[in-house]
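# Fold and geometry: a report
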Amino acid sequence: MHSIDIDGANTPFSCAEDDTVLRAGLRAGVGFPYECNVGSCGNCKFELLDGEVDNLWGEAPGLSDKDRQKNRWLGCQSRAKTDLRIKLRTSEHYRAIHTPTVTSATLARHTALTHDISEFEFDCDTPLAFSSGQYALIQLPGVRGPRAYSMSQSGSNSLRVEFQVRRVPQGIGSEVLFGLKTGERVHIDGPYGMAYLREDAERDILLVGGGSGLAPMLSLARGALSSETLQTRQIHFLYGARQVRDLCGQDLLAQSPEWAKRGHYTAVLSNHPGGEALPEGCQTGFVHEALQALHGQALSEFEIYFAGPPLMAQAMIKLLVAHKVPMNQVHFDQFY
Ligand SMILES: Cc1cc2nc3c(=O)[nH]c(=O)nc-3n(C[C@H](O)[C@H](O)[C@H](O)COP(=O)(O)OP(=O)(O)OC[C@H]3O[C@@H](n4cnc5c(N)ncnc54)[C@H](O)[C@@H]3O)c2cc1C
Ligand code: FES
């Protein structure tokens, strides 16, 4: 166990030998900035003032050569070798709403949803408490570094957790996950993420998922459908996929009787072959373009959540900024 002192904070926190600087901070209630938890976004950078760290992933894209020259490190990829003194600007926004914990878990069920997206249900040894829209880190056997996957059920404190994962061609982690047999074990660390359901928001809800961004949007929709405070809210769900064979989610949402009263589902296909008939309720183009056409001038009236690949997330941010949507009602995760 090592002690980590944030310059000027005077409240050192403890970091276990096998933990990362970021996650130890979050477990200790520190508002340590982060987003992806997997070395890609660079939000968790800190400057090392004193002590020594191990870098878990030397080539992580979240750190530039200039950062390395300035003795900056990624909190999610650093392990303390000694007591540390670090410099970073903390923020209440990042303080964990549920303390992240690590549990072992057993694969209970693997169900194909589309040709390349499957649902994986794990039974944890200890319950995982999380809010709708959050994600966890799964450490898969034989894979270097954990992978981030969003829970797809509504927020709970549950032994059973569900994920929906896209099989990425040549993806090291997703290939191992798709090859797991029921009964095999993984480690799950969570919850993480700030794009969780705001139950006190007084606006209708807009959920936009692209590709593997389906899971957190389903979790949020399910959470909103069962929330007592959101009972009068309409829920608009846009799902961006490539082709008809990628379509997913509508049948899962329809399992809730509430959905028929308050839910609105639009699928948007970016690679639909011209000349082929479109299924009912489907549009073509990119999901942010469909959003602009459907809700354009009214975007500021929604509490907005989205998840998907960085290109989609950037297009969404550009659209929302152009429509002057206040950023405190926008919540998202980029799936690096
Ligand atoms: C917040 C968040 C939530 C996500 N939720 C989902 C979801 O619900 N469903 C889904 O299908 N996908 C989700 N993803 C994407 C998912 O985490 C993986 O990136 C994707 O499955 C590809 O992983 P791979 O191992 O198959 O591919 P690879 O190309 O082998 O690995 C890519 C990912 O692994 C990380 N990585 C690679 N090497 C290392 C290393 N040595 N050490 C540490 N990390 C490494 C990268 O940062 C990147 O995230 C999410 C991503 C993020 C950031
Ligand atoms: S949180 Fe560490 S790089 Fe994204």
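Residues numbered from 1 in each chain as written. Chains lettered and ligands numbered in written order. Predicted model: local features only at pLDDT ≥ 70, side-chain atom pairs only at ≥ 80, totals over all residues. Heavy atoms only, no water.

A separate point is the sheet that holds strand 7 (residues 84-87). Spatial strand order, 2-1-7-3-5: five strands in an open sheet with mixed pairing. With partners counted over all chains shown, the strands left at the sheet margins are strand 2 (13-15) and strand 5 (72-74), one partner each. The sheet shows a mean angle of 45° between the axes of neighbouring strands, direction not considered. With three bridges joining them, strand 1 (residues 2-6) and strand 7 adopt parallel strand pairing. Within strand 7, the position partnered with Ile4 by the bridge is Leu84. (Pairing = 2+ DSSP bridges. Helix = DSSP H or I, 4+ residues; strand = E, 2+ residues; numbered from the N terminus. Axes fitted to C-alpha atoms, helices over the stretch in contact; angles between N-to-C directions.)

Before going further, it helps to examine the pattern of salt bridges. In the structure shown here, the tally under the stated rule is 21 salt bridges. Here Arg27 and Asp19 are joined by a salt bridge, their closest N and O atoms 2.8 Å apart. Judged by its relative accessible area of 10%, Asp19 is buried. Across the salt bridge formed by Arg203 and Glu303, the nearest N and O atoms sit 2.9 Å from each other. With Arg203 in the loop between strand 13 (185-192) and strand 14 (204-210) and Glu303 in strand 18 (residues 302-308), this residue pair connects regions lying 100 residues apart in the sequence. What makes Arg203 partly exposed here is its relative accessible area of 28%. Within the structure, one salt-bridge network assembled from shared partners comprises Asp19, Arg23, Arg27 and Asp189. (Salt bridge = Lys/Arg side-chain N within 4 Å of Asp/Glu carboxyl O. Buried < 20%, exposed > 50% of the residue type's maximum accessible area, 1.4 Å probe, protein only.)

What follows is about the sheet that holds strand 17 (residues 282-284). Strands sit in the order 17-16-15-14-18-19 across an open sheet of six strands; the sheet is parallel. Edge strands, defined here as strands with exactly one partner in the open sheet, are strand 17 and strand 19 (330-334). Here the strands of the sheet are splayed against their neighbours by 15° on average, with no regard to which way each runs. Sitting on the sheet, helix 4 (residues 214-226) touches strand 14, strand 15 (235-241) and strand 18, and the angle it makes with strand 15 is about 165°. (Contact = heavy atoms within 4.5 Å.)

A negative phi holds for most residues other than glycine; trans holds for most peptide bonds. Backbone torsion omega between Gly190 and Pro191 reads 5°, so that peptide bond is classified as cis. Within the fold, Pro191 resides in strand 13. The phi dihedral of Asn37 falls on the positive side, at around 75°, and the residue is not glycine. One can find Asn37 in the loop between helix 1 (21-27) and strand 3 (45-50).

The values reported here are purely geometric and, on their own, carry no functional implication.
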